[in-house]
Number of protein chains: 2
Amino acid sequence: MNRIVIFLLILFAAGLAYSQEVQSLTSYVDPFIGTKGEGHTFPGTSVPFGMVKLGPDCGDKRSNSGYIPDAEIHGFSHTHVSGTGGGAKYGNILVMPFTGKVTPGTISSKPNNYKASPAYFAVDLDRYKIKAELTSSHSVGFHKYTFNENSDKGILIDSGSFLGAGHCCGEAQELIGSETRVVSDTRIEGYSRVRGGWNKGGEYTVFFVALFDTPADTYGTWKNDEIETGSKMAHDSGDKTGAYFFFNNKTDKIINVKVGISFISTGKAYENITKETKGWDFEEVHQTAVNKWNDALNTIKIESANDDLKKVFYTAMYHTMLMPANRTGENPKWNSGEPHYDDFYAIWDTYRATNPLLALIQPKREADIVRSLIDIYNYEGYMPDSRSGNHTGRTQGGSNCDMVIAEAYLKGLKGIDFEKGYEAMIKNAEIPPGDNQQKEGRGGINEYIELGYVPAEYEPDSGAPDLHIPKLYARAGTRTLEYAANDWAIALVAQGMGKSEDYLKYKKRASNWSNLWNTNIETEGVSGFIWPKTKKGQWVEDYSVNKGGSWSNFFYEANSWEYSFYVPQDVQSLIDRCGGNDSFISRLDTFFKNQHFNVNNEPSFFTPCLYTYAGRQDKTNVTIRNIIKGGYTAEQNGIPGNDDAGSMSAWVVFNLLGFFPNAGQDIYIITSPHFKQVSIDLDKGKRWEIIAHDLSGENIYINNVMLNGKPLNRAWFRHNEIKEGGKLEFFMSGKPSNSWEIKPPPSIVDYE
Amino acid sequence: MNRIVIFLLILFAAGLAYSQEVQSLTSYVDPFIGTKGEGHTFPGTSVPFGMVKLGPDCGDKRSNSGYIPDAEIHGFSHTHVSGTGGGAKYGNILVMPFTGKVTPGTISSKPNNYKASPAYFAVDLDRYKIKAELTSSHSVGFHKYTFNENSDKGILIDSGSFLGAGHCCGEAQELIGSETRVVSDTRIEGYSRVRGGWNKGGEYTVFFVALFDTPADTYGTWKNDEIETGSKMAHDSGDKTGAYFFFNNKTDKIINVKVGISFISTGKAYENITKETKGWDFEEVHQTAVNKWNDALNTIKIESANDDLKKVFYTAMYHTMLMPANRTGENPKWNSGEPHYDDFYAIWDTYRATNPLLALIQPKREADIVRSLIDIYNYEGYMPDSRSGNHTGRTQGGSNCDMVIAEAYLKGLKGIDFEKGYEAMIKNAEIPPGDNQQKEGRGGINEYIELGYVPAEYEPDSGAPDLHIPKLYARAGTRTLEYAANDWAIALVAQGMGKSEDYLKYKKRASNWSNLWNTNIETEGVSGFIWPKTKKGQWVEDYSVNKGGSWSNFFYEANSWEYSFYVPQDVQSLIDRCGGNDSFISRLDTFFKNQHFNVNNEPSFFTPCLYTYAGRQDKTNVTIRNIIKGGYTAEQNGIPGNDDAGSMSAWVVFNLLGFFPNAGQDIYIITSPHFKQVSIDLDKGKRWEIIAHDLSGENIYINNVMLNGKPLNRAWFRHNEIKEGGKLEFFMSGKPSNSWEIKPPPSIVDYE
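A.B. asks: Pulling in residues and values, what's your account of the sheet that holds strand β3 (residues 94–99) of chain B?
C.D. replies: Residues and elements named next belong to chain B. An order of β1-β2-β3-β8-β15-β12-β13 is seen for the seven strands of this open sheet, with the pairing classed as antiparallel. The sheet is open, and its two borders are formed by β1 (55–58) and β13 (226–229), each paired with just one other strand. Strand after strand, the sheet turns through a mean of 30° between neighbouring axes, direction not considered. Here strand β12 (residues 218–223) runs beside β13; their pairing, made up of four bridges, is antiparallel. Bridge pairing in β13 links Gly 220 to Thr 229.

Here's what the structure looks like:
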């Protein structure tokens, strides 16, 4: 046995040992990353995909996550989202400890000494000299309040509190009503019923039961800040209600409260408490939650000497598992026995990297999510693009659930009724949602089918009467491009199912993006751009390449520079239209150099990978390294834009590992390995090792790749090639390779 | 003073005395009328527009009203509708007294000795020798159970019971979940959450609190028929739950139960009880309800020696006030402060006579109903055609809310935001509901706007992929005709509001019915029929005049014979197309003689009035008399078809009085006076007297009419002419008049 073999055996054995043990990876998670700047992440306590997200509601109660650094805290509520924009959602069932008199409307305190780690959040409430510590199980918030020994101890429940009141544009949450009942000296229960928020959703009801470890000495209820001492009931009259307990016993410094919530009933909320927690051991509940996080994070083990990079990586992974919320058993709208998830916020964001990540490391979870989307179709007629608080809405661009279904199908996820899923995709592709196009399906689909694009007329005006009816068919450019990508997702499933007529039909439609390709536009040395076209086929004259995107514009959240690259299904045709590889690379260079790229715009998530289609994997690699270096840090402002329910985070997770998915397909593009050694737990204990030989600060280029010991003559691979585990090896060096990388990733033209 | 003057004065004084006193008119109401045959009326206890409709659920629990004559009774539930078809709705929160062992699944008893009057229902439960008596307030059911003295007394609450399980065609109700809690030995509370039913509605939750006048000695809960003795809680796990009380005290024969319901919460249900009922006096609650009915019925006082006819009349009036249900303060979906009504079932039925009747005798109530429709538009985007259990659906034909709004506007109802109402009408007329066209707006509106009709292609098939997606655009003929009528309703409001451009636009569209008039069709000596036309403008060949209507056919619930008369806005043009008055009268004669007319098909409600447009009021009169004689009796099968939420009943109320509304306008056609003297209380104590001089079994023809002492040279009048009260006099004789009736009722051509 020569030395090399011995060395490899040692390495292999070490790798095994390193892989099998459950590491304490939660120490690399800092929930405050992304809470400053534009990340909008939620720093409170949750388990993976938890229903309870317990954290502080601060300041003007307009923050999407509830949290505002250093702002006054009104209390700790149990429902939140992470990384969202627009009108805030949730913030239900707020609990606040206090001393002295009970003053529901003016109870807030300045915070001090914030601390957070997975499933743990702590802060000192300066005004009352109370230390608040929070942890949680899936449906239960556990509050531990340590009072100043000599104080009068009070705990208030604000049943009707919520975030986002007064937000503009129809996106404000509104209280419908609330109810609070003092059941005993250790139990308060009730509910809050709220509507609205960013997704303009209908009503949802959060029921709760609060159990106290210490019997109250006195109590009361309140309605609209008016106190009724000794009252046990504040019934629902469409107002804010609440209750409070006072504890006169001066010896107990600590009061613990467990608040179970449910979207079904108070009975279910109580049952959630009894099922998920025993007794009053805060640390036990906390440790159980930490274990869940460690199990989830241990699906990917990395070797890195750079602790900050590990923090970036594991915190990003953590952020991809806060949403959607697992609400199985908590659906008040139907009873199908299927898994139920909520807070898709939005799939337009998450289909690009988050869903692919789950399909890789949590295939059972992703299958459950897909089943819940199909179940929503089955009961409500369309799969959602966004959904929150039991209501679908709003549709940002295409019907990108199609991408999620297609990917699940192509990657072989189990237990999904794909025939039904295909039906749901076809519904999107064929049946107009009419006035509900802000909410479901594909707006302008009739025109898209007839013309091959969504025409410009629909953008500025709908032809609707001069009334405050929402403008229709906005985002015509985004829609056209995404519909074409969605059509390719349908085509791939049709092909797999042997539906050859459908396959050819949707394959054809997948080229529809090119109907909006205007060769006449030239700027910064680049020519050809996606451009608004009228119903009669004329290009719109009054338009600009740099015109920003918005809800009611031709593009959403991006401009034509960015969207003119959004053809993930048909990159080869795009390259051809741009004049071939060299010209295309030059266009990409201009795009990045002149700062038209913005990683926090999801439509550009895949753009760095396009270099690889033109034979320049090295440029993909370097571009991504620069994006990561420039935007992602272990600081509180360390996410370069709105995390969008973990989308920014999933982007960096993949690219740090060294590959990135072409969403809606079964293809990964090799990007920028950042770790010398990675071990990924795939389904059922299958292990996939990724080694970056000779990786260093200088050796950032990939010179060769081996997959399961065989040379890989391409800078991409299919899911099927890694799903049984095995080994992917990158051989790094200080210079781009001359030899590697022969066959470009497949585009439509490569399919029969 | 001559003798005639003295006689008139006496008559006048008598009339005054007769009018002012509140008569006990409930004795003329028999809630069993319509419960046999096809009437589907609800015989249980309710107040006018009551939220609680408490009655028995029988047999296979598939009856729309819950009641099935002589079938086994499972118990008494609190929510029902009256006069409906398709999959049954409601039947929530069922209470059943029993003796012996508790057996939730097999508790039913044979009934005996049914009795019913307004707000009272009684039956003997043979199996248990228990007499059950029921009464109610608006939101509370009052149960009085008289047990056999020596028995073990039990009362069971079945929280999850509902009607219509297993109904076909997606119209079955389905349980989502239920919860039941024993709060004390005199209180049980909980809820039931159900979805589906005829309108294919989403979830609704009925909360309840049951208070008992006698403390229970033992108790328990159950889930899916499994008993848990001594348990106080059966939480929601998606199953049927319930509870029971046993009363061992042998001396009390009677046990009273009050069950408050709410669509908001158990707290609100309890509050409903405390607000609406004091103590345990069954008779007091009953009498309060009877007084409400008498107040409602006394708005129309009639003089007739024919007690059966009085029964027919007042029972019909009673049936027009069971629905919609007043749910003001009980809307769980938003909190707007507007009145809230539910169970529009369907406006397609009720706009023709029921809403006009309310506009006449309960203008405040009708204004509240209209406000609630506009409020629904404001929060959900469209006014409903049908709505039940907090969810809109299904749309039968046109957007007939338009007719209701127009009528309220033209008749000057107060307190309504007509600008918003107009906006809602325009929305119907312009914005396609897409895939929601079974539920909202006007399906096929784009084609209707483009072609002037909804084309035939959409009838047999939608062009949808071969999947179980609902067929679209069915009922193309019904839609076209009703859209044209609806457009006239919009035009009239536009005219009133001075929106002259809109007026002209919708006036033009109101003639669109004629685009489907096929002059080539001839049968039974009649030519010209409404006919399916293709998108390219060709008449469909494979079609028949007698082809019955259905949900997925060209017409709904009627054939071309019937629908070819449905042009209420444009009768003069219809007459012209039919070849003038004589030819039109001959067509009507053929129609009635050859039994193409069916009073239980709402599209024909107005057809007997069409004779009057062609100058033959006498034929209108005689035709209607024959319809009433042939179909309406004081027997249990005395309604000639499905009462359709009181629509059949409203038809006969108007026609017995002697006039009938052209719905959506402000016009009444004089029809067939059946009473010598009528006194109608209009708004704010204004009294309108109707005298039929010399009316008798022979003297059925109207020879002359006086309105407020002046000759009326037409067989119709406007609402404005009677809304301040006054006197309408018919001078009857044994022969049709030669002199009376000059000017026909107005049609579109009579408007500038």
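Still to come is the rest of the account.
A.B. asks: Pulling in residues and values, what's your account of the environment of Asp70(A)?
C.D. replies: Residue and element names in this part refer to chain A. In this fold, Asp 70 is placed in the loop between β1 (55–58) and β2 (73–77). Classification of Asp 70 as exposed rests on a relative accessible area of 62%. Between the C-alpha atoms of Asp 70 and Glu 698, which are 628 residues apart in sequence, the distance is 41 Å. With residues up to four places along the chain from it excluded, the contact list for Asp 70 reads Pro 111 and Tyr 114.

A.B. asks: Break down the relation of the copies chain A and chain B for me, with residues and values.
C.D. replies: Structural alignment of chain A on chain B gives an RMSD of 0.0 Å, achieved by rotating through 180° and translating 0.0 Å along the axis. Overall, the copies show the geometry of a two-fold rotation axis. Of the C-alpha atoms belonging to chain A, the one lying closest to the rotation axis is found on Gly434(A), 1.7 Å away. Both copies contact each other with a shared surface, as 100% of the interface residues of chain A are interface residues in chain B too.

A.B. asks: Which residues make up helix α9 (residues 418–430) of chain B, and what are the values?
C.D. replies: Residues and elements named next belong to chain B. The end-to-end C-alpha distance of α9 is 18 Å, a good match for the 18 Å that 13 residues give at a rise of 1.5 Å each. Buried residues of α9: Phe 418, Lys 420, Gly 421, Tyr 422, Glu 423, Ala 424, Met 425, Ile 426, Lys 427, Asn 428, Ala 429 and Glu 430, and no others. Contacts from the buried residues of α9 go to α7 (363–380), α8 (401–410), α10 (445–451), α11 (476–497) and α12 (500–509). If you check the start of α9, you find a side-chain oxygen 3.3 Å away from the backbone N of Glu 419, and it comes from Asp 417.

A.B. asks: Let's hear about the pattern of salt bridges: which residues, and what values?
C.D. replies: Note on pairing: side chains with opposite charge can pair once their charged atoms come close. Per the stated rule, a full pass over the model turns up 58 salt bridges over all chains. Ionic pairing is found between Arg442(A) and Asp487(A), a salt bridge with its closest N-O pair at 3.0 Å. With Arg442(A) in the loop between α9 (418–430) and α10 (445–451) and Asp487(A) in helix α11 (residues 476–496), the pair connects residues that are 45 residues apart, well separated along the chain. Just as Arg442(A) is buried, Asp487(A) falls in that class too. In this structure, Lys240(B) and Asp158(B) form a salt bridge, with 3.1 Å as the shortest nitrogen-oxygen distance. Of this pair, Lys240(B) sits in the loop between β14 (233–234) and β15 (241–247) while Asp158(B) is found in strand β8 (residues 153–158), placing the two residues 82 residues apart along the sequence. On the accessibility criterion, Lys240(B) (25% relative accessible area) is partly exposed. Several salt bridges converge on common partners, so that one network encompasses Asp402(A), Glu430(A), Arg442(A), Asp487(A), Lys505(A) and Arg509(A).

The rules behind these values
- Residues numbered from 1 in each chain as written.
- Chains lettered and ligands numbered in written order.
- Predicted model: local features only at pLDDT ≥ 70, side-chain atom pairs only at ≥ 80, totals over all residues.
- Heavy atoms only, no water.
- Pairing = 2+ DSSP bridges.
- Helix = DSSP H or I, 4+ residues; strand = E, 2+ residues; numbered from the N terminus.
- Axes fitted to C-alpha atoms, helices over the stretch in contact; angles between N-to-C directions.
- Buried < 20%, exposed > 50% of the residue type's maximum accessible area, 1.4 Å probe, protein only.
- Contact = heavy atoms within 4.5 Å.
- Least-squares fit on C-alpha atoms with pLDDT ≥ 70 in both.
- Expected span 1.5 Å × (residues − 1).
- Polar contact = N/O pair within 3.5 Å; in protein donor to acceptor, adjacent residues only side chain to side chain.
- Salt bridge = Lys/Arg side-chain N within 4 Å of Asp/Glu carboxyl O.

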